[in-house]
There are 2 protein chains.
Amino acid sequence: MVQYSRTRLDASFAALSDATRRGVLEQLGRADASITELAEKFHMTLTGMKKHVGVLEQAGLVTTEKVGRVRTCKLGLRELEEEAAWIERYRQLWDARFNELDKVVEELKRKEQADGRKKT
Amino acid sequence: MVQYSRTRLDASFAALSDATRRGVLEQLGRADASITELAEKFHMTLTGMKKHVGVLEQAGLVTTEKVGRVRTCKLGLRELEEEAAWIERYRQLWDARFNELDKVVEELKRKEQADGRKKT
DNA sequence: GGAATACTGAACCATATGGTTCAGTATGTA
DNA sequence: TACATACTGAACCATATGGTTCAGTATTCC
């Protein structure tokens with residue numbers, strides 16, 4: 001399998017598909033934190049947490065800065081606009097699709113009523 | 001690695017993290033389609049597309065029904081409410097966090113101005 | 001200087017993912 | 001009945017993912 005250019009949307013949805021990482025984002029929404037703090041909070045080795053932070057950072061959802069020996073993680077600059085937009089677009093398609101179905105159903109109902117009237 | 005219960009959010013974000021699958025959703029937003037049609041549209045083997053549809057179906061984003069030898073895929077019943085809600089919540093955290101920073105910046109500015117006035 | 005702290009990187013492991021081929025089965029059609 | 005169509009399932013492959021341990025390096029503190 002050749003790995004084609006992974007879009008940002010690919011990366012961020014993938015980043016969001018893990019409960020630990022979503023938790024980290026929530027956490028960072030409340031306060032910045034070091035890798036050690038996050039690792040403890042989520043009962044995980046430092047190395048493991050560092051990987052998760054790496055994934056979030058790659059996706060642009062988190063930024064980090066090392067001062068002395070401590071690397072501090074903060075929420076990234078992106079506000080998930082792109083992701084929200086995608087979902088919104090999907091919802092529009094979904095709406096359109098189901099409204100269409102509704103119309104068909106309405107149409108059927110009207111016909112039924114008409115038939116009913118004919119019979120009586 | 002033990003696989004813990006995968007939440008629906010895990011599954012749907014994972015499902016959305018692939019461009020082909022997002023494409024399939026867009027496609028189904030326009031019209032229902034058979035596996036064969038989707039496979040052709042996305043230049044992939046039937047089997048490959050079937051797997052993608054399986055992932056989408058598992059995540060509840062697509063439903064399928066087999067009539068005769070044709071399996072027709074439709075948009076699922078879920079409108080991605082849960083996902084939209086999660087992202088919205090994240091955006092609120094993000095806002096709160098950055099407003100807080102803004103306040104700090106404001107505060108610093110005010111102090112600077114005050115210092116400036118003192119000096120002149 | 002020496003110990004503790006905080007991260008970093010390499011190596012390893014099991015399972016998941018995204019694809020393929022190939023060999024069916026079931027259904028529709030001439 | 002025979003052939004084409006449409007899917008299904010198993011097996012396989014390479015790479016990714018989510019975790020670990022272990023052995024560093026860089027900083028801080030006594």
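This text goes with the structure placed above it.
All of these numbers come straight from a predicted model, not from anything done at the bench.

Rules used throughout
- Residues numbered from 1 in each chain as written.
- Chains lettered and ligands numbered in written order.
- Predicted model: local features only at pLDDT ≥ 70, side-chain atom pairs only at ≥ 80, totals over all residues.
- Heavy atoms only, no water.
- Phe/Tyr/Trp six-rings, centres within 6.5 Å; stacked < 30°, edge-to-face > 60°.
- Helix = DSSP H or I, 4+ residues; strand = E, 2+ residues; numbered from the N terminus.
- Buried < 20%, exposed > 50% of the residue type's maximum accessible area, 1.4 Å probe, protein only.
- Least-squares fit on C-alpha atoms with pLDDT ≥ 70 in both.
- Contact = heavy atoms within 4.5 Å.
- Axes fitted to C-alpha atoms, helices over the stretch in contact; angles between N-to-C directions.
- Parallel < 35°, antiparallel > 145°, perpendicular 65-115°, else oblique.
- Nonpolar A, V, L, I, M, F, W, Y, C, P; charged D, E, K, R; others polar.
- Buried area = accessible area lost by both parts, 1.4 Å probe.
- Salt bridge = Lys/Arg side-chain N within 4 Å of Asp/Glu carboxyl O.
- Polar contact = N/O pair within 3.5 Å; in protein donor to acceptor, adjacent residues only side chain to side chain.
- Near = heavy atom within 4 Å.
- Pairing = 2+ DSSP bridges.
- Core = buried A, V, L, I, M, F, W, Y, C linked by side-chain atoms within 4.5 Å.

Chemist: Describe the packing of aromatic side chains, and please don't skip the residues or the numbers.
Modeler: All names here are of chain B. Here the structure, examined in full by the defined rule, presents 5 aromatic pairs over all chains. With a centroid separation of 6.0 Å and 10° between ring planes, the pair formed by Trp 86 and Tyr 90 is classed as stacked. With Trp 86 and Tyr 90 both in helix α5 (residues 81-119) and 4 residues apart, this pair spans about one turn of that helix. Classification of Trp 86 as buried rests on a relative accessible area of 10%. Under the relative-accessibility criterion, Tyr 90 is labelled buried at 2%.

Chemist: Give me the relation of the copies chain A and chain B: which residues, what numbers.
Modeler: If you rotate chain A by 180° and push it 0.0 Å along the axis, it lands on chain B with an RMSD of 0.0 Å. Taken together, the rotation and translation describe the operation of a two-fold axis. By residue overlap, the copies meet face to face through one surface: 100% of the interface positions of chain A are interface positions in chain B.

Chemist: Quick rundown of unusual backbone geometry? Include the residues and the values.
Modeler: Residue and element names in this part refer to chain A. A positive phi is found at His 43, a non-glycine position, where the angle reads about 50°. Relative to the elements of secondary structure, His 43 occurs in the loop between α3 (35-41) and α4 (46-58). Taking relative accessible area as the criterion, His 43 reaches 73% and is therefore assigned exposed.

Chemist: Residue-level account of the packing of helix α2 (residues 19-30) of chain B against helix α4 (residues 46-58) of chain B, with values.
Modeler: Residue and element names in this part refer to chain B. Packing of α2 against α4 leaves a shortest axis separation of 10 Å and a crossing angle of 75°. Between α2 and α4, the interaxial angle falls into the category roughly perpendicular. Along its contact with α2, which presents Thr 20, Arg 21, Val 24 and Leu 25, the element α4 presents Met 49, His 52, Val 55 and Leu 56. For the contact of α2 with α4, a count of residues per class yields 5 nonpolar, 2 polar and 1 charged.

Chemist: Quick rundown of the interface of chain A and chain B? Include the residues and the values.
Modeler: Buried accessible area, meaning the area lost when the parts come together, often serves as the stated size of an interface. Opposite the 37 residues of chain A that make contact, chain B presents 37 residues. Carbon and sulfur atoms make up 60% of the surface buried where chain A meets chain B, a total of about 3,400 Å² over both sides. Counting across the interface, chain A meets chain B through 4 salt bridges. Remark: the boundary between chain A and chain B carries 6 residue pairs in polar contact (both at pLDDT 80 or more). Those elements that place two or more of their residues in the side of chain A that touches chain B are α1 (8-16), α2 (19-30) and α5 (81-119) of chain A. At 13 residues, α5 of chain A tops the list of elements feeding residues into the side of chain A that touches chain B. Looking at side-chain class alone, the side of chain A that touches chain B contains 19 nonpolar, 4 polar and 14 charged residues.

Chemist: Let's hear about the protein's contact with DNA strand D: which residues, and what values?
Modeler: Contacts to DNA strand D come from 23 residues, most closely from Thr 45, Lys 51 and His 52 of chain A together with Thr 36 and Arg 69 of chain B. Protein-proximal atoms of DNA strand D, defined as those within 4 Å of the protein, fall in sugar or phosphate at a share of 68%. In this structure, a phosphate oxygen belonging to DNA strand D sits 2.8 Å away from a side-chain N or O atom of Arg 21 of chain A. Thr 47 of chain A is positioned such that a nitrogen or oxygen atom in its side chain is 3.4 Å from a base oxygen of DNA strand D. For the surface near DNA strand D, the element with the highest residue contribution is α4 of chain A, accounting for 4 residues. Partitioning the surface near DNA strand D into residue classes produces 6 nonpolar, 8 polar and 9 charged.

Chemist: Describe the sheet that holds strand β3 (residues 70-75) of chain B, with residues and values.
Modeler: Residues and elements named next belong to chain B. Read from one edge of the open sheet, 3 strands run β1-β3-β2, paired in antiparallel fashion. Only two strands of the sheet have a single partner each, and these edge strands are β1 (33-34) and β2 (62-67). Sitting on the sheet, α2 is in contact with β1, β2 and β3, with an inclination near 90° to β3.

Chemist: Go over the environment of Leu 77 of chain B with me, naming the residues and quoting the values.
Modeler: Checked against the element boundaries, Leu 77 of chain B lands in the loop between β3 and α5. C-alpha of Leu 77 of chain B to C-alpha of Thr 63 of chain B: the two residues are 14 residues apart in sequence and 7.7 Å apart in space. With sequence-adjacent residues up to four places away left out, Leu 77 of chain B is seen in contact with Trp 94 of chain A together with Gly 60 of chain B.

Chemist: Got a sec to walk through the nonpolar core? Specific residues and values, please.
Modeler: Grouped together as the largest cluster of nonpolar side chains are 50 residues, with contacts concentrated most on Leu 25 of chain A together with Leu 25 of chain B. Excluding anything up to four places from it in sequence, Leu 25 of chain B contacts Trp 86 and Tyr 90 of chain A together with Leu 16, Leu 56, Leu 61, Val 62 and Leu 75 of chain B.

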